[in-house]
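# Observations on the model geometry
Residue-level listing of the chains:
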Amino acid sequence: MNQTNSLPVNPPANYETSAWKWMRYSAFLLIPLVWGHIILQDVVVGVHAIGNDPLGYVAQRWASYGWRIYDALLLGFAFAHGVNGLRQVAQDVIHKPVARKILNWGLFFFWLVITLVGAVALIAGVRQMP
Amino acid sequence: MKITFKVLRFHPERDEKPHFDSWDLEVEPTDRVLDLLEQVRGFYDGSLAFRRSCAHGVCGSDAMRINGRNRLACKVLVRDLDSNTITVEPLLGLRVLKDLIVDMDPFFKAYRSVKPYLIHTSPPVADGRERLQSPEQRERFDDTTKCILCAACTTSCPAYWSNGDYVGPAAIVNAHRFIFDSRDQGAAERLRILNEQTGVWRCRTVFNCTEACPRDIKITQAIAEVKRAILTGKLD
């Protein structure tokens, strides 16, 4: 019986493959991050408790570097997931290769700047008022 | 029973844009939509243009939008539509040439781009007979052999509507048919083509194609199998 299809079939990975994989990997990482966030905010602490003293709650969160890093990761992965989705949708209506390249790099820098600003704010924290 | 039969008409030499014509018809619940089109063309308006050939759901000529869904006019009965108004429009995403006839060239160009034929570079088997495969090997791609190239799937895909460069579900189905054929040696080349920007990654698993297929091919699953083959390099 011929079984000729066992030849190597791996096409080289390209930008599209990486972007597709990234969408899946970031989604997997988002599952514990988002659920952890929801359970903490809505179940463990509760929105009413947060509402009574929102600044105190934020100060409590920022007191721990662990939570700061957690929030920075949540921001980075959720935003990357969303921006990559936006890139996919935009490619449906933007057909010129040059315009697509501009879109890809533009969205990448958009993600990078927002994530960096957010991460700096979250991890570096705020200067305490005297 | 009486029904109102509406058809989106377009005459390239007379009309600036498409318009609906409608007829009140006396029909049987067991009539097919194709019968209604024939009734209109035969008795009311001989200029109505549509494609048809076998009229038995095999040739794939008469795919069109019937009450908003892509179907074969020869396979849909009036009673299946459960409505006193039947609206027929040409397929979306392809240029309308006249009435229900669309330009299928881009569709077949995409089909040809995935090399939908057996590629085998080694010489024929010694006894000169066919290249054999087991029933299990044949079963692997059985579903995608059923495609009749009617374009109902490709023209139901929102990604294809907005980007005609996307090869579309039908081309991927026909690539799948050969990629997973144990006798074929062109899988790597086809996967390389489908890994391009216009290939399988444009699919966003909307499932419109699976719903539109008159042959009940599990198209979204076939596309997912091609994606997996690209990522893993395995054809299991």
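Below you will find a few notes about this structure. (Residues numbered from 1 in each chain as written. Chains lettered and ligands numbered in written order. Predicted model: local features only at pLDDT ≥ 70, side-chain atom pairs only at ≥ 80, totals over all residues. Heavy atoms only, no water.)

### Description of the interface of chain B and chain A
- Listed by partner, the interface residues are 35 residues for chain B and 22 residues for chain A.
- Counting the surface lost from both chain B and chain A, the interface buries some 2,500 Å², and carbon and sulfur atoms represent 48% of this.
- Counting the contacts that link chain B with chain A gives 2 salt bridges.
- We note a salt bridge from Arg204(B) to Asp92(A), for which the minimum N-O separation is 2.6 Å.
- Joining chain B to chain A, the criterion identifies 10 residue pairs in polar contact (both at pLDDT 80 or more).
- Elements represented by at least two residues in the side of chain B that touches chain A include exactly helix H5 (158–162), helix H6 (168–179), helix H7 (187–194) and helix H9 (219–232) of chain B.
- Of the residues contributing to the side of chain B that touches chain A, the split by class is 13 nonpolar, 12 polar and 10 charged. (Contact = heavy atoms within 4.5 Å. Buried area = accessible area lost by both parts, 1.4 Å probe. Salt bridge = Lys/Arg side-chain N within 4 Å of Asp/Glu carboxyl O. Polar contact = N/O pair within 3.5 Å; in protein donor to acceptor, adjacent residues only side chain to side chain. Helix = DSSP H or I, 4+ residues; strand = E, 2+ residues; numbered from the N terminus. Nonpolar A, V, L, I, M, F, W, Y, C, P; charged D, E, K, R; others polar.)

### Examining the pairing of strand E4 (residues 69–72) of chain B
All names here are of chain B.
- Burial along E4 is one-sided: the face carrying Asn-70 and Leu-72 is buried and the face carrying Arg-69 and Arg-71 is not.
- When strand E3 (residues 63–66) meets E4, the two strands line up antiparallel, connected through 4 bridges. When the bridges of E4 are listed, Ala-63 appears paired with Leu-72.
- Hairpin geometry of E3 and E4 is characterised by an intervening segment of 2 residues between the two adjacent antiparallel strands and by a positive phi of about 50 degrees at Asn-67. (Buried < 20%, exposed > 50% of the residue type's maximum accessible area, 1.4 Å probe, protein only. Pairing = 2+ DSSP bridges.)

### As for the nonpolar core
- Judged by nonpolar contacts, the single largest core of 71 residues is most densely connected at Phe5(B) and Leu194(B).
- The residues that make up this core include at least three from each of domain 1 (2–102) and domain 2 (105–232) of chain B.
- When neighbours within four sequence positions are excluded, Phe5(B) is seen to be in contact with Asp21(B), Ser22(B), Trp23(B), Leu25(B), Val33(B), Leu36(B), Leu37(B), Val40(B), Ile86(B) and Val88(B).
- Formed by 5 residues, the second largest nonpolar core is a distinct cluster that contains Leu30(A), Leu33(A), Tyr70(A) and Leu74(A). (Core = buried A, V, L, I, M, F, W, Y, C linked by side-chain atoms within 4.5 Å. Domains from an automatic or database assignment.)

### Details of the packing of aromatic side chains
- Enumeration according to the criterion identifies 10 aromatic pairs over all chains in this entry.
- The interplanar angle of 65 degrees and the centroid separation of 5.1 Å between the aromatic rings of Trp67(A) and Tyr70(A) together place this pair among those described as edge-to-face. Of this pair, Trp67(A) and Tyr70(A) both sit in helix H4 (residues 65–93), 3 residues apart, roughly one helical turn.
- Tyr70(A) sits in the buried class, given a relative accessible area of 17%.
- Taking the centre distance of 5.1 Å and the plane angle of 75 degrees together, the rings of Phe107(B) and Phe108(B) count as edge-to-face. (Phe/Tyr/Trp six-rings, centres within 6.5 Å; stacked < 30°, edge-to-face > 60°.)

### Digging into helix H1 (residues 33–43) of chain B
- If you check which residues of H1(B) are buried, you get Val33(B), Leu34(B), Leu36(B), Leu37(B), Gln39(B) and Val40(B).
- Looking at the packing, one finds that the buried side of H1(B) touches strand E1 (2–9), strand E2 (19–26), E3, helix H2 (78–81) and strand E5 (85–89) of chain B.

### Section: the side chain of Thr155(B)
All names here are of chain B.
- Residue position: Thr-155 is located in the loop between helix H4 (135–139) and H5.
- Reaching out from Thr-155, the side chain makes a polar contact with the side chain of Asn-70 at a distance of 2.9 Å.
- Non-local contacts of Thr-155, meaning those with residues more than four positions away in its chain, are made with Asn-70, Leu-91, Leu-92, Leu-94 and Trp-161.

### Section: a nonpolar patch on the surface
- Together, Trp22(A), Tyr25(A), Phe28(A), Ile31(A), Val34(A), Trp35(A), Ile38(A), Ile39(A), Val43(A) and Val44(A) line one region of the surface with nonpolar side chains, adding up to about 1,000 Å² of accessible area.
- Summarising the element assignment, Trp22(A) is placed in helix H1 (residues 15–45). (Patch = residues over 30% accessible without salt bridge, like charges linked within 9 Å, V, L, I, M, F, W, Y side chains within 5 Å. Areas by Shrake-Rupley, 256 points an atom, 1.4 Å probe, with all protein chains shown as cover.)

### Some remarks on the packing of H6(B) against H9(B)
Residues and elements named next belong to chain B.
- Orientation of H6 relative to H9, taken along the N-to-C sense of each, is 60 degrees, at an axis distance of 9 Å. As far as their axial angle goes, H9 and H6 are oblique. Regarding H6 and H9, the two cross each other, and that crossing is left-handed. From H6, Pro-169, Ile-172, Val-173, His-176 and Ile-179 reach across to H9, where they touch Ile-219, Ala-222, Ile-223, Glu-225 and Val-226.
- Split by residue class, the contact of H6 with H9 holds 8 nonpolar, 1 polar and 1 charged. (Axes fitted to C-alpha atoms, helices over the stretch in contact; angles between N-to-C directions. Parallel < 35°, antiparallel > 145°, perpendicular 65-115°, else oblique. Left-handed = near helix turned anticlockwise from the far one by under 90°.)

Function cannot be inferred from these measures alone, as they are strictly geometric.
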